[in-house]
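# Coordinates in review
Here are the chains, one letter per residue:
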Amino acid sequence: MDEMTFLTTLSNQDIKLSKDQLNQFDRYYQLLVEWNQKINLTAITQREEVYLKHFYDSLICLWQMPLESYQIKLCDVGAGAGFPSLPLKIVRPELKVTIVDSLKKRTHFLELLVSELKLDNVEIIHARAEDFGHLEKQRESFDLVTARAVARLNTLSEYCLPLVSLGGNFLALKGDWNLCQEELNEAKRALNILGGRVVQSNYCQLPENQGERSFLLINKVEKTPKKYPRQAGKPSKQPII
């Protein structure tokens, strides 16, 4: 997906990018490729692939899972190189974004990226999600929590739902629809324990026959028991099943 196709495809969804926003995506790409030579951020480095499989992919939820208001406090768990939160922030500058990642080298890259792109109201936190979810000021304080390509849904829910405010939402971005449904069936008990309820699921095909993308919107209907998330490593090694 070249830049013109990127611009046109978003325009078809009533998302109009300014010249400054296009320049931000361009600089994002440059820094991603530059830093990828120093630390492992992504296996995708060709310009057209980055625009399709990272930038566009991060933005699909704006029309696949439209939210009532974009003036929300968003936490992105395990964002890696900033997906999906930073493309969302470029397009919706009013978002207040917190990114949590456990690798210091990645958070250093993200801090530089946020500075270079001149993005305000973005906080980068170096922490494990299991620890971050127990911080008093962060726990159950976010309107929306996102995660893309981090873990299976039962584990991911334990990372994310403790951060979602009561009545807020957890948005899981997944790939293949059938695998997504398999994870959802596996995670039913975890969602029930953690206070989540699936309110919407959807999928679409990426342009250029580049695969499926699935989306699960999980509403926080009850407070998460204080014991969750469990200590670091347990959600992945001993997932709730």
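Model, not experiment: these values are computed from the prediction.

The amide bond that connects Phe 83 to the next residue, Pro 84, takes the cis arrangement and shows omega of 5°. The omega torsion of the bond from Tyr 228 to Pro 229 falls at 0°, within 30 degrees of zero and hence cis. Relative to the helices and strands, Pro 229 is located in the loop between strand E7 (212–220) and helix H11 (234–237). Phi at Asp 14 is positive, roughly 65°, even though this residue is not glycine. Mapped onto the elements, Asp 14 comes out in the loop between helix H1 (3–11) and helix H2 (19–36). If you check the backbone angles, Asn 121 has positive phi at about 55° while not being a glycine. Tracing the backbone through its elements, the reader meets Asn 121 in the loop between helix H6 (104–116) and strand E3 (122–126).

Where H2 contacts helix H3 (residues 47–59), the axes come no closer than 11 Å and their chain directions differ by 120°. The orientation of H2 relative to H3 falls into the category oblique. Read as a crossing pair, H2 and H3 show a hand that is right-handed. Seen from H2, the contacting residues are Phe 25, Asp 26, Tyr 28, Tyr 29 and Leu 32; seen from H3, they are Arg 47, Val 50, Tyr 51, His 54, Phe 55 and Leu 59. When grouped by side-chain class, the residues that make up the contact of H2 with H3 number 8 nonpolar, 1 polar and 2 charged.

So, about the nonpolar core. For soluble globular proteins, nonpolar side chains are generally found buried alongside one another. Counting residues in each nonpolar core, the largest one holds 53 residues, and the members touching the most others are Phe 6, Phe 25, Phe 55, Tyr 56, Leu 86 and Phe 109. At 7 residues, H2 tops the list of elements feeding residues into this core. In this structure Phe 55 touches Phe 6, Phe 25, Tyr 28, Tyr 29, Val 50, Phe 83 and Pro 87, once residues within four positions along its chain are discounted.

As a further point, take the UniProt feature "binding site: S-adenosyl-L-methionine" (unreviewed entry) in the chain. Feature annotation in UniProt assigns "binding site: S-adenosyl-L-methionine" (unreviewed entry) to the following positions: Gly 78, Phe 83, Ala 129, Glu 130 and Arg 148. Of the annotated set, the members that line the largest pocket are Gly 78, Phe 83, Ala 129, Glu 130 and Arg 148. The exposure class assigned to Phe 83 is buried, which follows from its relative accessible area of 3%. Setting aside its immediate chain neighbours within four residues, Phe 83 contacts Tyr 28, Leu 32, His 54, Phe 55, Ser 58, Asp 76 and Arg 148. Among the secondary structure elements, Ala 129 is positioned in helix H7 (residues 129–132). Once you skip the residues sitting within four places of it in the chain, Ala 129 turns out to touch Val 77, Tyr 159 and Pro 229.

A few words on the layout of surface pockets. Looking at the largest pocket, its volume works out to about 670 Å³. Taken together, 33 residues form the lining of the largest pocket, with Gly 78, Gly 80, Arg 148, Ala 149 and Val 150 sitting closest to its centre. Counting only elements with at least two residues in the lining of the largest pocket, the list comes to H3, strand E2 (96–101), H7, helix H8 (153–160), strand E5 (164–174) and E7. When the residues that make up the lining of the largest pocket are grouped by side-chain class, the tally is 15 nonpolar, 9 polar and 9 charged.

Criteria and cut-off values
Residues numbered from 1 in each chain as written. Predicted model: local features only at pLDDT ≥ 70, side-chain atom pairs only at ≥ 80, totals over all residues. Heavy atoms only, no water. Helix = DSSP H or I, 4+ residues; strand = E, 2+ residues; numbered from the N terminus. Axes fitted to C-alpha atoms, helices over the stretch in contact; angles between N-to-C directions. Parallel < 35°, antiparallel > 145°, perpendicular 65-115°, else oblique. Left-handed = near helix turned anticlockwise from the far one by under 90°. Contact = heavy atoms within 4.5 Å. Nonpolar A, V, L, I, M, F, W, Y, C, P; charged D, E, K, R; others polar. Core = buried A, V, L, I, M, F, W, Y, C linked by side-chain atoms within 4.5 Å. Buried < 20%, exposed > 50% of the residue type's maximum accessible area, 1.4 Å probe, protein only. UniProt positions renumbered as here; feature names shortened; annotations may be inferred. 1 Å grid on protein atoms, 1.4 Å probe; cavity = no way out; pocket = protein on both sides within 12 Å on 5 of 7 lines; lining within 4 Å. Points joined across faces, edges and corners; volume = space filled by probe spheres on them.

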